[in-house]
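# Residue-level structure breakdown
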Amino acid sequence: MAHSAVSQVSLIAPLNSDLSLRRSVLKVHNISFGDKLGVSFSPLDLKTKNGKSRSQSVVCMSVQHASTPKVSVSPLALEDVYDPPLNLHKPKEPYTATIVSVERLVGPKAPGETSHIVIDHGGNVPYWEGQSYGVIPPGENPKKPGTPQNVRLYSIASTRYGDFFDGKTASLCVRRAIYYDPETGKEDPTKKGVCSNFLCDSKPGDKIKVTGPSGKIMLLPEEDPKATHIMIATGTGVAPFRGYLRRMFMESVPTFKFRGLAWLFLGVANTDSLLYDEEFSKYLKDYPDNFRFDRALSREQKNKTGGKMYVQDKIEEYSDEIFKMLDGGAHIYFCGLKGMMPGIQDTLKRVAEERGESWEAKLPQLKKNKQWHVEVY
């Protein structure tokens, strides 16, 4: 992809001081350009907590005669650490962070409620893309009275610089866990997910106990900026991939200039359930040679046999390309509910056999080469 000289311009643009409006989708911060560059302004419709829309003028991420500018980030000292931070805050001594914002991500026709939650850690719980935070919800452990609740792990949905590009926040993508009685069909509040409901009900300013960061399996390998990364997610499993893609396509990171291919497969129920779709669609428009995005909408699309379209059906659709990419050293990542893996593994095995290969031989080789990354829950 050709880059003109002015493509190094950094875009930053705060919407205003109202934290409820400091939205993460298509976030741009503090603008700084030369006098002669043309900049277009467009309204961005923001959903507030009560569901009402507030339109704000923000700087469009396009500058005339230039490839897409990227956002400046700080502190760049976060790039200087050789090893990822691990378990800086343990369950017995968690860090008390503060909720910045809680925004509903899905539309009215989505089954369930998924929220984007921004947490201010003040730079005290640094992390890398692909890691997780532990959250300890308030209250005591019902199985061990007098002790705190158990830690719940959540994949981080932002880069190490956070949604405000200052290294002081982390974002989580959380689906509210509710339980329906199979006999009555009614919601049983006694069995609801304690931590997901605590997070989704949080308000700006609320305190939250976090542990970690943890995890190394989903770290983004950056040795080769021309590498291919195939990302397969169901639902909130898209969280780490949002972090990868912001690092690749949104942020101006001097030590990482991505020139490879990122290919995201996202499986959700319907259009209203799509997560961060505006953000991903923008990358598709701005970086058509470096980003591909395929959605599997199980309640709206049909697979080739007329059944529901799941993410493994999309993988099968592009299986020849995917296998060739893996043979060429591509990394493949899976994140989401653990129930996603059997169907995906069956599909990959069947495709391998159709190609005259043994999946039982191929999978260990991918793992040995550190091309295979799985985080399911």
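Residues numbered from 1 in each chain as written. Predicted model: local features only at pLDDT ≥ 70, side-chain atom pairs only at ≥ 80, totals over all residues. Heavy atoms only, no water.

Take the UniProt feature "binding site: NADP(+)" (unreviewed entry) in the chain next. UniProt's feature table lists "binding site: NADP(+)" (unreviewed entry) at S155, R175, T236, S298, R299, K308, G336, L337 and E375, given in the numbering used throughout. Tracing the chain through its elements places G336 in strand 14 (residues 331–336). Setting aside its immediate chain neighbours within four residues, G336 contacts T234, G237, E375, V376 and Y377. The residue L337 is located in the loop between strand 14 and helix 6 (340–354) in this model. Given the relative accessible area of 54%, L337 is considered exposed. Leave out the neighbours within four places in its chain, and L337 touches T234, V376 and Y377. (UniProt positions renumbered as here; feature names shortened; annotations may be inferred. Helix = DSSP H or I, 4+ residues; strand = E, 2+ residues; numbered from the N terminus. Contact = heavy atoms within 4.5 Å. Buried < 20%, exposed > 50% of the residue type's maximum accessible area, 1.4 Å probe, protein only.)

As a further point, take the pattern of salt bridges. A side chain of one charge can pair with a side chain of the opposite charge if their charged atoms are brought near each other. For the structure shown, the criterion picks out 23 salt bridges. Salt-bridge contacts for D277 lead to R295; the nearest nitrogen and oxygen are separated by 2.9 Å. In this pair, D277 sits in helix 3 (residues 277–286) while R295 sits in strand 13 (residues 291–297), placing the two residues 18 residues apart along the sequence. Given the relative accessible area of 25%, R295 is considered partly exposed. Linked by salt bridges that have partners in common, E79, E129, R160, E222 and R247 make up one network. (Salt bridge = Lys/Arg side-chain N within 4 Å of Asp/Glu carboxyl O.)

What follows concerns the side chain of D277. Overall, D277 belongs to the buried group, its relative accessible area being 18%. A polar contact of 2.9 Å, which involves the side chain of D277, links it to the side chain of R295. Here D277 is in contact with F293 and R295, once residues within four sequence places are set aside. (Polar contact = N/O pair within 3.5 Å; in protein donor to acceptor, adjacent residues only side chain to side chain.)

The pLDDT averaged across the chain works out to 85; a share of 82% of its residues lies at or above 70. A low-confidence stretch, residues 1–66 (pLDDT under 50), is modelled with 137 contacts involving residues beyond four sequence positions or located in other chains. (pLDDT = per-residue confidence, 0-100.)

Before going further, it helps to spend a moment on helix 5 (residues 319–327). Counting along an α-helix, one turn takes 3.6 residues, and residues three or four places apart therefore face a common direction. If you check which residues of helix 5 are buried, you get S319, I322, F323, M325 and L326. Mapping the buried residues of helix 5 onto a view down its axis gives an arc of 160 degrees, with all of them on the same face. Positive phi appears at G329, one or two residues downstream of helix 5, with a value of about 100 degrees. (Arc of directions from axis to C-beta.)

Taking strand neighbours across the sheet as the criterion, the six strands line up as 7-6-9-4-5-8 in an open arrangement whose pairing is antiparallel. Each of the sheet's edge strands pairs with one partner strand only, and the pair in question is strand 7 (152–155) and strand 8 (169–175). Sheet twist, expressed as the mean angle between neighbouring strand axes with direction ignored, is 40 degrees. With six bridges joining them, strand 4 (residues 95–104) and strand 5 (residues 114–120) adopt antiparallel strand pairing. Along strand 5, the bridge assignment pairs T98 with D120. (Pairing = 2+ DSSP bridges. Axes fitted to C-alpha atoms, helices over the stretch in contact; angles between N-to-C directions.)

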